[in-house]
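Summary of the model geometry
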Amino acid sequence: MVLRHRPKSHEMKELEITLERLESTLVLHAVGPVDSITAPRLQEPLLRAAEGPAGAVELDLAEVPYMSSAGLRILLLAAKALQKRSERLRLINVPLPIYNVLNLAGFTSFIDIKQ
Amino acid sequence: MTRRLAESIEHLKETTAAKERIESELKIAHEIQMSMVPKIFPPFPDRSEFDIFATLVSAKEVGGDFYDFFFIDDDQLCFAVADVSGKGVPASLFMAVPKTLFKATAGNGGAPGEILARLNAEICRDNESCMFVTFFCAILNIRTGQVDYSNGGHNLPYYLHHSGVTPLENPGGRALGVVEQSPYMSGRMVLSPGEALLLYTDGVTEAMDSRQRLYSDQRLEQFLASNRDSSPRQIIADLVNDVRRFADGAPQSDDITALALLYVGATEKMRKELQINLSNKLSELESFNQSLTEFGRRHGLTPRVVHDLNLAFEEILTNIISYGYTDNREHEIKVHLSLQPGEVKAEVEDDGQPFNPLEAPEADTAQSLEERTIGGLGIHLVRKLMDGLEYQRQEGKNRLLMKKNLR
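Residues numbered from 1 in each chain as written. Chains lettered and ligands numbered in written order. Predicted model: local features only at pLDDT ≥ 70, side-chain atom pairs only at ≥ 80, totals over all residues. Heavy atoms only, no water.

**A closer look at the interface of chain A and chain B**
Across the boundary between the two partners, chain A contributes 33 residues, which contact 39 residues of chain B. Both faces considered, chain A and chain B share a buried interface measuring about 3,400 Å² in area, 60% of it formed by carbon and sulfur atoms. At the junction of chain A and chain B, the tally comes to 0 salt bridges. Applying the counting rule to chain A against chain B returns 12 residue pairs in polar contact (both at pLDDT 80 or more). If you tally residues by element for the side of chain A that touches chain B, the top one is helix α2 (residues 69–83) of chain A, at 8 residues. Here the residues of the side of chain A that touches chain B sort into 20 nonpolar, 7 polar and 6 charged. (Contact = heavy atoms within 4.5 Å. Buried area = accessible area lost by both parts, 1.4 Å probe. Salt bridge = Lys/Arg side-chain N within 4 Å of Asp/Glu carboxyl O. Polar contact = N/O pair within 3.5 Å; in protein donor to acceptor, adjacent residues only side chain to side chain. Helix = DSSP H or I, 4+ residues; strand = E, 2+ residues; numbered from the N terminus. Nonpolar A, V, L, I, M, F, W, Y, C, P; charged D, E, K, R; others polar.)

Shown next as structure tokens:
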């Protein structure tokens, strides 16, 4: 059996990021996979938050089915930006498979992770 | 007197000859009509995913019923049953039109509702004899059992499932040849392995006995309920016999057509393997991901295994698509998955530049945040998430073999 794939533009997977301000913390809720196609949609808002003047940054991954190295790259950039003002990137509601990936990538030492 | 007798005999000879000629022509017409429906069973001996059988018994030498089935592509079997108003020569002549149009129209693709709408428009265009045809057509995906169907005023087929017999839901649509701009909806159902459909014409349910009683829907349902485990060939043979037994010698009032389709299911080999060919565009990754997820769901793989496979493929395929080619041409990347006891084996083949991921520098994951650099993580994840990796460069192609334990 051979499946010939035709990209369906109307069914393109989306990654949506919504922002929520909780006192001094900016929470980014992500819905959708973070991969080589969708990663730019996370990069812009996350780096803007991380490079901002103050406040903690939390990324909510409850609705993220998976994150590839394209997403990890952005987490690394955000973590580095936050470190400049002595903050650590926080990930919340991290699904188990993604936690495993973060662990394999060695990110758990510089990112705060709540499952 | 002698002369009159001689004339009479001459006249009788002529009419007998004329009758014989007509009969022989009708016999030829019957042969032509029967040659228009597929009669060799099994029609696709190498396709084990389904079993099909059909029969057409004309009331007169020629009739207005027809059935047909054919593949539109590798996976989709189109099948239909139809009945032209009236019987005899006019009906059979008229039937040749939708029969021919149907095959041409279905081959152009589109849902069954669209096929019927196009057929209807064509038939209405030059329909001076004001004949019409009831038409049921469906497309079975032999890989998944999904059936899309549409109905133009025809008797609804029966769905023979594990717990009984029920007519399909009517998506709505009138007989073809009546109103030019008539809508035809498509319905959808899924056959599980072991389930079947029975398509028929009203020659079955309206067969009459000598006291003009009808064979009836109820009798057909009862028959199907007690015979639903038989093979298509057996069901059709027994059904025709049951109708004959019921008619008990009364002349056949209408053409009898019946088609049974049993869904066996994708073969074991097919079910446990997945072959996907994609071109070197990142936009192809999404449907790849969906197919892989569907494959995992079908085989009850854990979400963790499906996740890890999806991620590994995402990394490998992104790498090939983004860095594997120096020309701007389209290339094919072949992915093959097979489910083995306790593990999934995957193979990715591409004709890009030689690249052995096993030789890519190892990412140092113990580095501090300040020291960490961006690259190398993708390959690192593939190595860690998969339980076995092997690389070969053969005949100008990269072949990466991956193994994932199911645990």
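Moving on from the model shown.
**Quick word on the layout of surface pockets**
Put simply, the second largest pocket is a space of about 410 Å³. Lining the second largest pocket are 19 residues; nearest its centre among them are A:S69, B:E315, B:N319, B:Y323 and B:G378. Those elements that provide at least two residues to the lining of the second largest pocket are α2 of chain A together with α9 (303–323) and α10 (377–385) of chain B. The element that contributes the greatest number of residues to the lining of the second largest pocket is α9(B), accounting for 6 residues. (1 Å grid on protein atoms, 1.4 Å probe; cavity = no way out; pocket = protein on both sides within 12 Å on 5 of 7 lines; lining within 4 Å. Points joined across faces, edges and corners; volume = space filled by probe spheres on them.)

**Focus: α10(B)**
The buried fraction of α10(B) amounts to 8 of the 9 residues, a majority that puts the element mostly inside the structure. Along α10(B), the residues classified as buried are B:L377, B:G378, B:I379, B:H380, B:L381, B:V382, B:R383 and B:L385. Summarising the contacts, the buried residues of α10(B) are in contact with α2 and α3 (96–104) of chain A together with α9, β14 (388–394) and β15 (397–405) of chain B. (Buried < 20%, exposed > 50% of the residue type's maximum accessible area, 1.4 Å probe, protein only.)

**Considerations on the environment of A:V101**
Mapped onto the secondary structure, A:V101 falls in helix α3. A:V101 sits in the buried class, given a relative accessible area of 1%. Expressed as a C-alpha distance, the spacing of A:V101 and A:L72, which sit 29 residues apart in the sequence, is 9.1 Å. For A:V101, the contacting residues outside a window of four places in its chain are A:M67, A:L72, B:H307, B:L311, B:L381 and B:L385.

**Some remarks on the pairing of strand β9 (residues 196–200) of chain B**
Residue and element names in this part refer to chain B. Counting buried positions along β9 gives 5 out of 5 residues, so the element sits mostly inside the fold. By the bridge criterion, 3 bridges tie strand β6 (residues 158–161) to β9 in an arrangement that is antiparallel. Its bridge partner being in β9, L160 is matched across the sheet by A196. Two elements, β9 and strand β10 (residues 256–263), share 5 bridges in a ladder whose sense is antiparallel. Paired with Y200 across the two strands is A258, which belongs to β10. (Pairing = 2+ DSSP bridges.)

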